[in-house]
Amino acid sequence: MELQPVVALVLLGLLFVAFLLERFPPDVTAAGAAALFVALGLTPSEQVLGVFSNPAPITIAAMFVISGALVRTGLLDALAALVIARAETRPKVAVAVFLTATLLASGIVNNTPVVLILIPVMIRLARSLGIAETRLLIPLSYAAVLGGTLTLIGSSTNLLVPGVAAERGLAPFGIFEIAPVGLALGAVGGVALAVLGPWLLPDRRARNDAGANETTFLTEIRLLEGHPGLGKPLAEVADLSRPGIRITARREGARLRRSNLDEHVVSVGDVFVAMATTSEILTLRDIAGLGVGLRRGTGGRASEEDLVVAEAMVTPTHGSPRDTVSQLSVGYRYGLRVLGAHRQGHVPGADLGSARLRPADKLLLEGTTEGFDRLAQGGELVSVTRPSGRAYRRRRAPLALLALFAVVGLAAFDVAPISLLALGAVAAILLCRCIDNDEAWGSVDAGILVLILSMLIVGVGLEETGTVALIVDTLAPWLEGLPPIALLAALYALTSILTETVTNNAVAVVVAPIAVALGQETGVDPRALVVAVMMGASASFATPVGYQTNTLVYGAGEYRFSDFLKIGLPMNLIVGLAAVLVIPLVFPLTPG
């Protein structure tokens, strides 16, 4: 029993080394450590199940689902369209507004999925302004990091640390209790980024089309009776002016007109040739008054409920330049409608019907399962798969937004615990069909949840074996003589340094109990020290591995490790200094 604290401390050190070496993903490393703690009896088996009652992982998972609903209902896509539209006239203002919106959005939605969603938008914005993506993707991550410090739900760390502290006797934090500190850090960090960015951010264009995770198809769109855009100029028809749709021509009999498209007044029967993403094609397909793709042949009649959409690839034997989409006659032969055609790196034709098919071209098709079975047997098209994109559910956007505001508002007034409110919101958006259940569960980052639960098991082991007490007893003689502000600064610096080399949630679980114990030992209010841990584990800028949003843009922008060090180290120092000065103003260091 006397050796247990030392054994647990050695294992903790080895865990941090394993995190740093990155031989395995962080969640795998943490799961292995948790299993070792249980196997060696360092974490009592009867307390392992108690870890799963911690509300933080449940809340984090629920917020991932709510964020997924915001994507599927097109709310963040609409934000992107608005920003890009403003960028042409006032580019600097557009970038500033976009980053500010990212910061605020990251305060009410978990910032990791926010960045994941906005990476393609930021790349499109950079290209529309004619600047390198590397000038904007790091600022996108940093804005989300700073936004995550605004509320408890902005970052998984902010949900995790109060939960760990509450288990040590600390009173619960309110959802907006840390907002004054977060706003100050956001303002200071934003100014620092604006000043340092032009000097320290790299200016390199990515070699690949990072973030373009959806296939773009050549398609045709017909205006039918009843569409609300009839009688309006094309530029004012909202359904055809989305960021994922680019109108390239209008059919006039056998001719295609490509000039003055925006001024054309839309009428019944107009046919427009367009390049559109899979999600936008599927969205247009469900809008009354619009027809997408080629007209269906007489080979199949089915109700809308029986129709499915799939992608098929052209085989080498049936992909000669003589074959066009129309000549393939999938409508007459199989009862399928061609919604779009795609060729990697090229536009396959002037319009959909005349597009000449080559091997490996993709077709987006709509029809019955029986029709697809007959198509597969024909051998002309193979690899029939479900498309990667899905239709937006824009009509349900107000419901998704209402669910989010309900969680934030009711939690702010302590109507119910945030974990229960978030679960209720998930149930509501699923029942209202803002997002399908399979896509909802797919939006949850299981790796983060495994990491958090595993580190909670490790944290219980550190507490039960007396390792936390051992660390505090070792540090106390060095820290007892320090002024409270210096103790706060030391704890912030320790958390920040560890976060830059290890994943933030793992550090938070280990350091939060130490902060509570140090506060009780030295007479400094533990709440202030816990907030320092929250901010130190969240405000991570200097490496791409310390925080998930940095990791996301690291790959998307093809950055080098040194790119983060150049801009991130000054940001760490500036934001850290601001945190140490502001936290005592909001959370007094001495109780009473």
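Owing to the predicted nature of the structure, the values given are computational and were not obtained by experimental measurement.

Rules behind the numbers
- Per chain, the residues get numbers from 1 upward, laid out in the order the sequence is written.
- Selection of residues for local features in this predicted model requires a pLDDT of at least 70, selection of side-chain atom pairs for listing and counting requires 80 or more, and totals for whole chains, interfaces and linings are taken over all residues.
- Each side-chain value is derived from all of the structure's non-hydrogen atoms; neither hydrogens nor water enter the calculation.
- Secondary structure elements follow DSSP: runs of H or I of four or more residues count as helices, runs of E of two or more count as strands, with numbering from the N terminus.
- In the analysis that follows, any N or O atom pair within 3.5 Å is treated as a polar contact, provided that within protein one partner can donate a hydrogen and the other can accept it, and provided that, for residues neighboring in sequence, both atoms belong to side chains.
- Between two residues, a contact is recorded if the distance between any of their heavy atoms is within 4.5 Å.
- Note on classification: 1.4 Å probe, protein chains only; a residue is buried when its accessible area is under 20% of the maximum for its type, exposed when over 50%, partly exposed between these limits.
- Throughout, an axis means a line fitted to C-alpha atoms (over the contacting stretch in the case of helices), and angles, computed between N-to-C directions, take values from 0 to 180 degrees.
- When describing relative orientation, an angle under 35 degrees is termed roughly parallel and one over 145 degrees roughly antiparallel, while 65 to 115 degrees is termed roughly perpendicular and anything else oblique.
- Here a crossing is called left-handed whenever its near helix is offset anticlockwise from the far helix by less than a right angle, and right-handed whenever the offset is clockwise.
- Three categories are distinguished: nonpolar for Ala, Val, Leu, Ile, Met, Phe, Trp, Tyr, Cys and Pro, charged for Asp, Glu, Lys and Arg, and polar for the others, with Gly belonging to the last.
- Among buried residues, the Ala, Val, Leu, Ile, Met, Phe, Trp, Tyr and Cys ones that are joined through side-chain atoms within 4.5 Å form a nonpolar core.
- UniProt positions are given in the numbering used here, feature names are shortened, and annotations may be inferred rather than shown by experiment.
- For two strands to count as paired, DSSP must find a minimum of two bridges between them.
- Between the rings of Phe, Tyr and Trp (Trp by its six-membered ring), a pair exists once the centres lie within 6.5 Å; its type follows the angle of the planes, with under 30 degrees stacked, over 60 edge-to-face, and the other angles tilted.
- Lysine and arginine charges are scored as sitting over a ring when NZ or CZ, respectively, is within 6 Å of the ring centre and within 35 degrees of the ring normal.
- Cysteine sulfurs are considered disulfide-paired once they come within 2.5 Å of each other.

Trainee: Help me out: how do you make sense of the side chain of Thr283 in this one?
Mentor: Inspection of the secondary structure assignment puts Thr283 in helix 11 (residues 278–285). Of the polar contacts made by the side chain of Thr283, one reaches the backbone nitrogen of Tyr392; its length is 2.6 Å. Setting aside chain neighbours within four positions, we find Thr283 in contact with Ala391, Tyr392 and Arg394.

Trainee: What's the story with the environment of Gln548 in this structure? I'm lost.
Mentor: With respect to the secondary-structure elements, Gln548 resides in helix 23 (residues 548–556). When its relative accessible area of 15% is taken as the criterion, Gln548 is described as buried. Look past the residues within four positions of Gln548 in its chain and what remains in contact with it is Thr112, Ile448, Asn504 and Asn505.

Trainee: Mind showing me how you'd approach the packing of helix 19 (residues 467–479) against helix 21 (residues 504–522) here?
Mentor: For any two helices packed against each other, one specifies the inter-axial angle together with the distance between the axes. Packing of helix 19 against helix 21 leaves a shortest axis separation of 10 Å and a crossing angle of 50 degrees. By the criterion of interaxial angle, the relationship of helix 19 to helix 21 is oblique. Crossing of helix 19 over helix 21 shows right-handed handedness. Facing Val468, Ile471, Val472, Ala476 and Leu479 of helix 19, the residues of helix 21 in contact are Pro513, Ile514, Ala517, Leu518 and Glu521. Residue classes in the contact of helix 19 with helix 21 are distributed as nine nonpolar, no polar and one charged.

Trainee: Looking at this structure, how should I read the nonpolar core?
Mentor: The biggest cluster of nonpolar side chains holds 137 residues, and the ones touching the most others in it are Leu137, Phe173, Met455 and Ile583. Setting aside residues up to four positions removed in sequence, Leu137 forms contacts with Ile119, Met122, Ile123, Val553, Ala556, Gly557 and Tyr559.

Trainee: Mind showing me how you'd approach the UniProt feature "transmembrane region" (unreviewed entry) in the protein here?
Mentor: The UniProt record marks residues 57–85, 139–161, 181–201, 396–413, 448–472, 484–516, 528–547 and 567–587 with the feature "transmembrane region" (unreviewed entry), using the residue numbering of this structure. Taken end to end, residues 181–201 is 95% helix and 0% strand, and its first and last C-alpha atoms sit 26 Å apart. Here residues 396–413 runs as 89% helix and 0% strand, with 26 Å between its end C-alpha atoms.

Trainee: Any chance you could explain the pairing of strand 2 (residues 245–252) here in plain terms?
Mentor: A regular strand places its side chains so that they alternate between the two faces of the sheet. With five bridges joining them, strand 2 and strand 4 (residues 271–277) adopt antiparallel strand pairing. From the neighbouring strand, Arg250 faces strand 4, where its bridge partner is Phe272. In this sheet, strand 3 (residues 255–257) lies alongside strand 2 in antiparallel orientation, the contact comprising three bridges. Residue pairing for strand 3: Arg250 is matched across the bridge by Arg257.

Trainee: Any chance you could explain unusual backbone geometry here in plain terms?
Mentor: Note: most peptide bonds trans; most residues except glycine with negative phi. At Asn260, a residue that is not glycine, the phi angle is positive and equals roughly 55 degrees. Summarising the element assignment, Asn260 is placed in the loop between strand 3 and strand 4. By relative accessible area, Asn260 is classed as exposed at 61%. Here the phi dihedral of Arg433 falls at roughly 60 degrees; this positive angle occurs in a residue that is not glycine. Mapped onto the elements of the fold, Arg433 is located in the loop between helix 16 (418–431) and helix 17 (437–442). Residue Arg433 is classed as partly exposed on the basis of its relative accessible area, which comes to 46%.

Trainee: Would you take a moment to explain the packing of helix 4 (residues 55–72) against helix 18 (residues 446–464) for this structure?
Mentor: Taken N-terminus to C-terminus, the directions of helix 4 and helix 18 make an angle of 170 degrees; their axes are 10 Å apart at the nearest point. Classified by the interaxial angle, the pair formed by helix 4 and helix 18 is roughly antiparallel. Side by side, helix 4 and helix 18 meet where Pro57, Ile60, Ala61 and Phe64 of the first sit next to Ile448, Leu449, Ile452, Leu453 and Leu456 of the second. Classifying every residue of the contact of helix 4 with helix 18 by side-chain character gives nine nonpolar, no polar and no charged.

Trainee: What exactly am I supposed to notice about the packing of aromatic side chains here?
Mentor: Given two aromatic rings, one states the distance between the centres and the angle between the planes to describe the pair. A full pass over the atoms with the stated rule returns three aromatic pairs. A ring pair is formed by Tyr142 and Phe541, whose centres lie 4.9 Å apart and whose planes are at 75 degrees; its orientation type is edge-to-face. Of this pair, Tyr142 sits in helix 8 (residues 134–147) while Phe541 sits in the loop between helix 22 (526–538) and helix 23, and the two are 399 residues apart along the sequence. By relative accessible area, which is 0% here, Phe541 ends up buried. Considering the side-chain rings of Phe173 and Phe587, the 6.3 Å spacing of their centres and the 55 degrees angle between planes classify their relative orientation as tilted. Of this pair, Phe173 sits in the loop between helix 9 (156–166) and helix 10 (179–200) while Phe587 is found in the segment after helix 24 (561–586), placing the two residues 414 residues apart along the sequence. Taking relative accessible area as the criterion, Phe173 reaches 9% and is therefore assigned buried. Above the plane of the ring of Phe173 lies Arg527, whose end atom (NZ or CZ) is 4.0 Å from the centre.

Trainee: Would you take a moment to explain the pairing of strand 4 for this structure?
Mentor: When you tally the buried positions in strand 4, you get seven out of seven residues, the bulk of the element. Burial of the side chains of strand 4 extends over both faces: Val271, Val273, Met275 and Thr277 are buried on one face and Phe272, Ala274 and Ala276 on the other. Note: strand 1 (residues 216–223) against strand 4, seven bridges, orientation antiparallel. From the neighbouring strand, Glu220 faces strand 4, where its bridge partner is Val273.

Trainee: Would you mind going over the state of the cysteines with me for this structure?
Mentor: Covalent bonding between the sulfur atoms of two cysteines is what defines a disulfide. In total, this model carries zero disulfides according to the counting rule given. Free of any disulfide, Cys434 has its nearest cysteine sulfur in Cys432, 5.4 Å distant. Overall, the relative accessible area of 1% leaves Cys434 in the buried class.

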